[in-house]
Amino acid sequence: MAITCGSFRLHTTAERFYIEPSDGGSVDVLVIDRVSTDMSLTVRSDVPLSAETMPICGVMGTIRLPAGLYLIVITKKTKVGDLLGHAVWKALNFDIISYKKTVLHLNDDQMQDNKTFLSMINSVLHTDGLYFATDYDLTHSLQRLANTSPDFQDMSLLERADQRFVWNGHLLREFMTQPELHKFVYPVIHGFITITSSSINGKVFEWIIISRRSCFRAGVRYYVRGIDSEGHAANFVETEQIVQYNSYKASFVQINQKGSEKPLELAFDKMVTSLGNGMIKYVAFDFHKECSRMRWHRLQILLDTVSEIQDEFGYFLVDAEGKVLLNQEGTFRSNCMDCLDRTNVVQSLLAQRALQSQLQKMGFLQVGQKIEDQTDFEKIYKNAWADNADACAKQYAGTGALKTDFTRTGKRTVWGAVMDGWNSAIRYYKNNFSDGYRQDSIDLFLGNYAVDEADWTTPLHDPKDWKFLTLPIVMVVAFSMCIICLLMAGDTWTETLAYVLFWGTASILTGGLILFNGRDFVDAPKLVQKEKLD
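Each value, and the rule that gives it
- Residues numbered from 1 in each chain as written.
- Predicted model: local features only at pLDDT ≥ 70, side-chain atom pairs only at ≥ 80, totals over all residues.
- Heavy atoms only, no water.
- Helix = DSSP H or I, 4+ residues; strand = E, 2+ residues; numbered from the N terminus.
- Contact = heavy atoms within 4.5 Å.
- Areas by Shrake-Rupley, 256 points an atom, 1.4 Å probe, with all protein chains shown as cover.
- 1 Å grid on protein atoms, 1.4 Å probe; cavity = no way out; pocket = protein on both sides within 12 Å on 5 of 7 lines; lining within 4 Å.
- Points joined across faces, edges and corners; volume = space filled by probe spheres on them.
- Nonpolar A, V, L, I, M, F, W, Y, C, P; charged D, E, K, R; others polar.
- Core = buried A, V, L, I, M, F, W, Y, C linked by side-chain atoms within 4.5 Å.
- Buried < 20%, exposed > 50% of the residue type's maximum accessible area, 1.4 Å probe, protein only.
- Patch = residues over 30% accessible without salt bridge, like charges linked within 9 Å, V, L, I, M, F, W, Y side chains within 5 Å.
- Salt bridge = Lys/Arg side-chain N within 4 Å of Asp/Glu carboxyl O.
- Phe/Tyr/Trp six-rings, centres within 6.5 Å; stacked < 30°, edge-to-face > 60°.
- Lys NZ or Arg CZ within 6 Å of the ring centre and 35° of its normal.
- Pairing = 2+ DSSP bridges.
- Axes fitted to C-alpha atoms, helices over the stretch in contact; angles between N-to-C directions.

(A) Representation of the overall build of the protein chain within the structure. Scanning the protein chain from N- to C-terminus turns up 17 helices and 16 strands. Contacts in the protein chain between residues far apart in sequence, at least 24 positions, make up 64% of those at least 6 positions apart. For the protein chain, the computed accessible surface area is about 25,800 Å², with 57% contributed by carbon and sulfur atoms.

Structural data, given as structure tokens:
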């Protein structure tokens, strides 16, 4: 496999960008012409001494905005750990550098649009959870990698990557057409990775969770739902749990996605039944009914129901000589009609059951021992799955996950319920008043919407009528006056009551008008609105 360089130096002149490997592994230097936008290779001696130089951790790619092309680079990274001997990194900071030296060729509206688009790109880049490796393919599971041909192994990371999980795929489209440039870039996944060194009965092993968020039909909570004509499910996440001990490797893969409401359950049940395919099994579990009033121990009902199915599915296992002992023959697809937080709870329980069997086969657990009895590891396990839930929830819903108190401690708590209420309130606000912008940001970053320099108009300008500005102001003023009248009573109670009734009625009527015209106040996507709302 062609290895991507680990770090670089970016040399900038008025005419060109020079990207030079700083680890000494390659004599080639990538040169990008800032005028023609052509990319080619040169040698170190061609880099001008007068160029401004800065260290960078990698190249995310390029994107076209109204002002022209921009180069996106990673300027800071942190090491997550080693996966099968390969370093895994988390990207922290980025820089977006314009090819053009000025934006004076734009008019005022175009400058404002360019600033908005830049802000959108930054918002995606700084949504926590972008990971990469320079010499390992993070987009594929262990089992998929074990069942590949020698030709596949010789491909560059960019060529062999599973495009479902390459979040900078649109940014790398120009690099894809030039194989000689592949060593300067690498696929970046979005999701969550944790790599933890753990010990049970004196044996040390690496325990890993990798969640890969699909870039096909990705989006926010209410604007991307269901499935598209190509079969891509909304907010699809593949989560793989890996155990590494000496040369032994084990893996268990699950799929998590956000569904729609009750009609989806009925339609899906009808479809699976009509197919008559024994390879597809559908198990419905009324989470709210069974686990209400904090009776979360009743999740065992679901585990008991699917235990035989899970035993049939199995997991992936490789011995110390590299021989494949077991393959995972099926995958659980956890889909919640209400929220993704519950799917993470179920996934953590299924993963724990798989891990119990894997550790027994590897000789970590003796007969009769359970993971629940390993206090130190169980704490690591539960917190890692809760962190996974928080990361995926923030990317999707804008807040940390709900119900992580159960994932972390194994039981529901009053404080956990209070925090769920707080996060739900924040989600309500974000879903209504900021998710349109977030959806536009994702669509721009992933290439679902592409800026055309030849067409200077963009869908960003959405003029609001008088209701949008007037009604909220009137409601706030009326409600404030109502409170003031209650706190500063008049000379008589009838006078106070009259003022309170007047301002209270004004605030209620205004609030009613806002609710009636709700769509005018919701922050809806502008760039690819039709496709996302159909």
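(B) Geometry of the environment of Leu-299. Considering the arrangement of structural elements, one finds Leu-299 in helix 8 (residues 299-313). It is 8.0 Å that separates the C-alpha atoms of Leu-299 and Val-346, two residues lying 47 residues apart in sequence.

(C) Highlighting empty space enclosed by the protein. Scanning all chains against the criterion turns up 4 cavities of 30 Å³ or more. Estimated volume of the second largest cavity: approximately 50 Å³. As for the second largest cavity, its lining consists of Ala-133, Tyr-136, Asp-137, Leu-138, Thr-139, Leu-157, Pro-187 and Ile-189. Class assignment for the residues of the lining of the second largest cavity results in 6 nonpolar, 1 polar and 1 charged.

(D) Expanded view of the nonpolar core. Counting 53 residues, the largest nonpolar core has Leu-83, Phe-205, Trp-207 and Leu-359 as its most contacted members. When near neighbours in sequence (up to four residues on either side) are disregarded, Leu-359 contacts Ile-200, Phe-205, Val-243, Phe-364, Leu-365 and Ile-371. Of all hydrophobic cores here, the second largest spans 38 residues; its members include Ile-72, Ile-74, Val-124 and Val-451.

(E) View of a nonpolar patch on the surface. A contiguous nonpolar patch, built from Phe-479, Ile-483, Ile-484, Leu-486, Leu-487 and Met-488 and spanning about 650 Å² of accessible area, is present on the exposed surface. Within the secondary structure layout, Leu-487 lies in helix 14 (residues 466-487). The exposure class assigned to Leu-487 is exposed, which follows from its relative accessible area of 71%.

(F) Broad picture of the packing of aromatic side chains. Here the structure, examined in full by the defined rule, presents 14 aromatic pairs. Their ring planes at 70° and their centres at 4.6 Å tell us that Tyr-245 and Phe-364 sit as a pair that is edge-to-face. On the criterion of sequence distance, the pair formed by Tyr-245 in strand 12 (residues 237-245) and Phe-364 in the loop between helix 9 (340-362) and helix 10 (375-397) is long-range, its members being 119 residues apart. For Phe-364, a relative accessible area of 1% puts it in the buried group. Geometrically, the ring pair formed by Tyr-381 and Trp-385 is tilted, given 6.4 Å between the ring centres and 50° between the ring planes. Taken as a pair, Tyr-381 and Trp-385 lie in helix 10 at a separation of 4 residues, close to a single helical turn. A relative accessible area of 2% means that Tyr-381 is categorised as buried. Trp-385 sits in the buried class, given a relative accessible area of 1%. Three or more aromatic residues joined by ring pairs make a cluster, and in this case those are Phe-205, Trp-207, Tyr-245, Phe-364, Phe-377, Tyr-381 and Trp-385. Directly above the ring of Trp-89 sits Lys-77, whose terminal nitrogen or CZ lies 3.9 Å from the centroid. We note Lys-203 situated over the ring of Phe-364; from NZ or CZ to the ring centre the distance is 6.0 Å.

(G) Region of the structure containing the sheet that holds strand 2 (residues 16-21). Taken together, 5 strands build an open sheet; the order of strands is 4-3-2-1-5 and the sheet is antiparallel. With one partner strand each, in any of the chains shown, strand 4 (39-43) and strand 5 (52-56) form the two edges of the open sheet. Neighbour-to-neighbour, the strand axes of this sheet turn through a mean angle of 25°, independent of strand direction. Relative to strand 5, strand 1 (residues 8-12) runs antiparallel, the two sharing 5 bridges. Within strand 5, the residue paired with His-11 across the bridge is Thr-53.

(H) View of unusual backbone geometry. The phi dihedral of Thr-37 falls on the positive side, at around 70°, and the residue is not glycine. Within the secondary structure, Thr-37 sits in the loop between strand 3 (28-33) and strand 4. Note on Thr-37: relative accessible area 31%, which makes it partly exposed. A positive phi angle, close to 55°, is found at Asn-201, a residue other than glycine. Counting through the fold element by element, Asn-201 comes out in the loop between strand 10 (189-200) and strand 11 (203-213).

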